[in-house]
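Observations on the three-dimensional arrangement
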Amino acid sequence: MSVKVKSMNFASLLICAVAALFSLGMIFFFGGGDWLVAVSSAVMTGFVTYVVSRYIIWRFVLYRIKPIYQLMLERDLSVGELAGHFKGNDIISNAGLDIAEWAGKKAAEIDRLKDMENYRKEFLGNVSHELKTPLFTLQGYVITLLDNGAGDPETNVRYLEKANKNIERLIAIVHDLEEISKLEMKVMNLEREQFDIVALAEETAESFNIQENENKIAIKVAGELPIYVFADRRRIEQVFVNLMSNSIKYGRKGGSTTVKFIDMFDKVMVEITDNGIGISKENLPRVFERFFRADTIRSQENGGTGLGLAIVKHIVEAHGENIVVRSELGKGTTFGFTLKKYL
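Here's what I pulled together on the structure shown here. This structure is a prediction, so every number in the text was calculated from the model and none was measured.

1. Some thoughts on the overall build of the protein chain
Each helix and strand counted, the protein chain has nine helices and seven strands in total. Sorting the 343 residues of the protein chain into buried and exposed places 37% on the buried side. By sequence separation, contacts in the protein chain at least 24 residues apart represent 70% of the contacts at least 6 residues apart. Of the accessible surface of the protein chain, which amounts to about 21100 Å², a share of 59% is contributed by carbon and sulfur atoms.

Take a look at the structure:
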């Protein structure tokens, strides 16, 4: 028969019982059969054995698990420090819980590192893909011009204009990469100030409405009363520009984009809604990823960098707020973010 030792107390009690029974037997048989003397001696022997055995087991277990805790804590550790960690509690049970917790954290860290490695590989692949297209196109125009051009001055000028357009796209990609890197590293300090969020939305919408866009999409701001917020005005303008630009790129011809404001006591929810092509359910969770595009062909035609929504998310989160998206394929998309009101 095997006995499973689950705790130090159980082990000490087991040794105590064996010692007491042994003492009882020895005194009873060799002491003339006096039960009172035998039982008293057995109790005393059991008590002493319990105290001594528990201390010995305690010290033994501490020495045995010390290397494990040094590995877990990544530093040298004395037996006294380890004893203080348990504070008289059962070592075996508590050590098991500590090790299980440490193992869980290490497993989570390994999973996170694997995810980061996969993300790094995907990111590098996306960057190389985004840079490759304008670079190769630019190279084609330059080679043609170096080979005495197309023979027609007007064609040469057109080639130069197209080459310049690809250079501008490269500059935009590099600028957005630099921007998002600063936001992720939190080296960009926000210059918070009080301003009217409705007025800022109207100014941004007006700049888009006076521009020519193929889809002829009108941007309307549904807000009359001023709503003052405390945020970085330039950064929030950048959020508006990216979200409104997106609504134009993926909108329907003759469609519309509406900006509205929802009072949330100490905060305001800003919603930008379009009636464009929408985003499918499987793509919706990925819209804020770098370089992710739900409609690749249309994105390439419009010349976006694929970093706009990622930058928007970082700016909003840098303010300690949240941004959400809801969409239905073929019916449109709504982006909503919160800002703290200036009270």
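2. Considerations on the nonpolar core
Ranked by internal contacts, the top residues of the largest apolar core, which has 44 residues, are Ile197, Phe240, Val259 and Phe337. Apart from residues lying up to four places away in sequence, phenylalanine 337 is in contact with Val239, Phe240, Leu243, Val268, Met269, Val270, Val316, Asn322 and Ile323. With ten residues, the next largest nonpolar core counts Ile65, Tyr69, Met72 and Leu77 among its residues.

3. Considerations on the environment of leucine 170
Positionally, leucine 170 belongs in helix H5 (residues 153–185). Relative accessible area serves as the criterion here: at 14%, leucine 170 is assigned to the buried category. Excluding anything up to four places from it in sequence, leucine 170 contacts Leu131, Pro134, Leu135 and Leu138.

4. Concerning the sheet that holds strand S5 (residues 267–274)
An order of S2-S4-S5-S7-S6 is seen for the five strands of this open sheet, with the pairing classed as mixed. Sheet topology places strand S2 (218–222) and strand S6 (323–328) at the edges, where each strand pairs with a single neighbour. Sheet twist, expressed as the mean angle between neighbouring strand axes with direction ignored, is 15 degrees. Bridge analysis of S6 against strand S7 (residues 332–340) gives six bridges, and the strand direction is antiparallel. Bridging from a neighbouring strand, valine 325 pairs with phenylalanine 335 of S7. Packing of helix H6 (residues 197–209) onto the sheet brings it into contact with S2, strand S4 (256–264), S5 and S7, and relative to S2 it is tilted by some 165 degrees.

5. Structural notes on unusual backbone geometry
Its identity is not glycine, yet phenylalanine 265 carries a phi of approximately 65 degrees, on the positive side. Mapped onto the secondary structure, phenylalanine 265 falls in the loop between S4 and S5.

6. Some points on the packing of aromatic side chains
Evaluation of the coordinates by the stated rule reveals four aromatic pairs. With a centroid separation of 5.3 Å and an interplanar angle of 45 degrees, the aromatic rings of tyrosine 141 and tyrosine 159 are classed as tilted. Separated by 18 residues along the polypeptide, tyrosine 141 in helix H4 (residues 91–146) and tyrosine 159 in helix H5 bring together distant segments of the chain. By relative accessible area, tyrosine 141 is classed as buried at 17%. Both rings, one in phenylalanine 230 and one in tyrosine 342, keep their centres 6.1 Å apart while their planes meet at 40 degrees; by these two values the pair is tilted.

Analysis parameters
Residues numbered from 1 in each chain as written. Predicted model: local features only at pLDDT ≥ 70, side-chain atom pairs only at ≥ 80, totals over all residues. Heavy atoms only, no water. Helix = DSSP H or I, 4+ residues; strand = E, 2+ residues; numbered from the N terminus. Buried < 20%, exposed > 50% of the residue type's maximum accessible area, 1.4 Å probe, protein only. Contact = heavy atoms within 4.5 Å. Areas by Shrake-Rupley, 256 points an atom, 1.4 Å probe, with all protein chains shown as cover. Core = buried A, V, L, I, M, F, W, Y, C linked by side-chain atoms within 4.5 Å. Pairing = 2+ DSSP bridges. Axes fitted to C-alpha atoms, helices over the stretch in contact; angles between N-to-C directions. Phe/Tyr/Trp six-rings, centres within 6.5 Å; stacked < 30°, edge-to-face > 60°.

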